[in-house]
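Given next are the chains, with one letter for each unit.
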Amino acid sequence: MGGINVRGLTKSYRRQKVVDDLTFDVHPGTVTGFLGPNGAGKTTTMRMLVGLVRPDAGTALLAGRPYSDYPSPLRAVGALLDPGWVHPQRTARAHLDWLARSNGLPEDRVDAVLLMVGLSTVGDRRFGALSLGMRQRLGIAAAMLGDPEVLVLDEPANGLDPQGIAWLRGLLRDLAADGRTVLVSSHLLAETALLADDLVIIGRGRLLQQCTTAEFTALQQTHVLVRAKDQERLATVVAEAGGTIDAAPNPRPVDPDIRLVRGLSAEEIGHAALQAGLVLHELTPRRRTVEEEYLRLTADSVEYYSRPPAVRPEKSPEQ
Ligand SMILES: Nc1ncnc2c1ncn2[C@@H]1O[C@H](COP(=O)(O)OP(=O)(O)OP(=O)(O)O)[C@@H](O)[C@H]1O
């Protein structure tokens, strides 16, 4: 069995579960985005995948075996976890040479991976003189050194400029097109939705959702913003027509007459209101954006925020 198969992975620190009975699959030939707010447990999970953290319970198979079963793991699994400490005086090339030698990998891989990540011309620059984006590329080069079938990359887009992110997207797509398994963590949905085929979304160490990016995008819910002075009548009209009024806080707190209605189209609400003689002052269909859907999904998992996530201003007409 290829890919990554995670079953019941669990880890506690100081009796607090930071990864809690996590089960998911990452398929070969796809890029899978591993999403969750800060502190959700993404890094801890990835560290367990590659044997840097010992799970309290559960298993993780990479291309059919636990990481520890590989005699030469870099040939099977490439990982980018924290930027990795490199001596600041050591050049990018010397760092990769050392990694190749100490892991019994052919030294011609060094030039190949430097070329792959666009660092050929700065291979002789000292690590201390590399920009954050270049260090990130060097980390990806190191992950690719053993030409692995499985890639586990923790926040690889960190520190990359927009061109760098576009490059990363192309690289990951190419690696997946070769049939490799690519797991990429991020806390940014928009960035991940652009490069991932599948999504695994976690919060407080638990699986919130596993689906394709296309399925997640299709989850956008339609609702209708309705403004009416007579809120009681509005509630009756909506209920009788088979809709519901969203219990969520008023999307425009300054306007007490606004409600979000689900389950009915703007036309149906307008028609029902006319029949009941109810005057409406506004009727605006709107979609929850994918970003809003992600914020809603992860809202209970956010560790720290000083106030509830802001509801974006309404856009009219429909976005
Ligand atoms: N070695 C450790 N000792 C104690 N607590 C830890 C340790 N490593 C992680 N944690 C805690 O586990 C939780 C999950 O951390 P983790 O770094 O896995 O989350 P994350 O999803 O990668 O977050 P971020 O997006 O901020 O990097 C956090 O509350 C963190 O403080």
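Keep in mind that this is a model prediction, so the values were computed, not measured.

Asker: Before we move on, can you summarise the sheet that holds strand β11 (residues 244-245) with the specific residues and values?
Answerer: If you walk across this open sheet you meet the 4 strands as β11-β12-β10-β13, and the pairing is antiparallel. The open sheet terminates on both sides in strands that have one partner only, identified here as β11 and β13 (282-287). In terms of strand pairing, strand β10 (residues 222-227) meets β13 through 6 bridges, oriented antiparallel. Looking at the pairing, V226 lines up with L283 of β13. With respect to the sheet, helix α9 (residues 266-276) is in contact with β10, β12 (258-262) and β13, its orientation differing from that of β13 by roughly 160°.

Asker: Can you break down the environment of R286 residue by residue, with the values?
Answerer: With respect to the helices and strands, the residue R286 is situated in strand β13. Overall, R286 belongs to the buried group, with 21 C-beta atoms counted inside 10 Å. Between the C-alpha atom of R286 and that of V224, which follows or precedes it by 62 residues, the distance is 5.8 Å.

Asker: Tell me about the domain arrangement of the protein, and please be specific about residues and values.
Answerer: Taken domain by domain, the protein comprises domain 1 (4-218) and domain 2 (222-287). Computed over C-alpha atoms only, the centres of domain 1 and domain 2 are separated by 46 Å.

Asker: Please provide a residue-by-residue account of the pairing of strand β9 (residues 206-212), values included.
Answerer: Side-chain direction in a regular strand flips from residue to residue, so the side chains alternate between the two faces of the sheet. Bridge count between strand β8 (residues 198-203) and β9: 6 bridges; the pairing is antiparallel. Residue pairing across strands places L199 opposite C211, the latter belonging to β9. Remark: 2 residues form the turn of the hairpin made by β8 and β9, two consecutive strands paired antiparallel; R204 in that turn has positive phi of roughly 45°.

Asker: I'd like a rundown of the site of the ligand, residues and numbers included.
Answerer: With respect to spatial proximity, the complete set of residues near the ligand consists of Y13, V18, G36, N38, G39, A40, G41, K42, T43, T44 and H187. When residues in the shell around the ligand are grouped by element, the largest group, 3 residues, is from helix α1 (residues 42-49). The residue inventory of the shell around the ligand, partitioned by class, reads 3 nonpolar, 7 polar and 1 charged.

Asker: Give me the lowdown on the confidence of the model for the protein, citing residues and values where you can.
Answerer: Where the model shows low pLDDT, its predicted coordinates should not be examined in detail. Overall, the prediction assigns the protein a mean pLDDT of 87, with 89% of residues at 70 or greater. Every residue in residues 305-319 scores below 50 in pLDDT, and together they form 17 contacts with partners more than four places removed in sequence or on other chains.

Asker: An account of the sheet that holds β8 is needed here, citing residue identities and associated values.
Answerer: The strand order across the open sheet formed by 6 strands is β5-β6-β7-β3-β8-β9, and the pairing between neighbours is mixed. The open sheet is flanked by β5 (77-80) and β9, the only strands paired with a single partner. In this sheet, adjacent strand axes meet at a mean angle of 15° when their direction is disregarded. In terms of strand pairing, strand β6 (residues 150-153) meets strand β7 (residues 181-186) through 4 bridges, oriented parallel. Residue pairing for β7: V150 is matched across the bridge by T181.

Here is what the cut-offs are and how they apply
- Residues numbered from 1 in each chain as written.
- Predicted model: local features only at pLDDT ≥ 70, side-chain atom pairs only at ≥ 80, totals over all residues.
- Pairing = 2+ DSSP bridges.
- Helix = DSSP H or I, 4+ residues; strand = E, 2+ residues; numbered from the N terminus.
- Contact = placed C-beta atoms within 7 Å.
- Axes fitted to C-alpha atoms, helices over the stretch in contact; angles between N-to-C directions.
- Buried ≥ 20, exposed ≤ 12 C-beta atoms within 10 Å, placed from the backbone.
- Domains from an automatic or database assignment.
- Near = placed C-beta within 6 Å.
- Nonpolar A, V, L, I, M, F, W, Y, C, P; charged D, E, K, R; others polar.
- pLDDT = per-residue confidence, 0-100.

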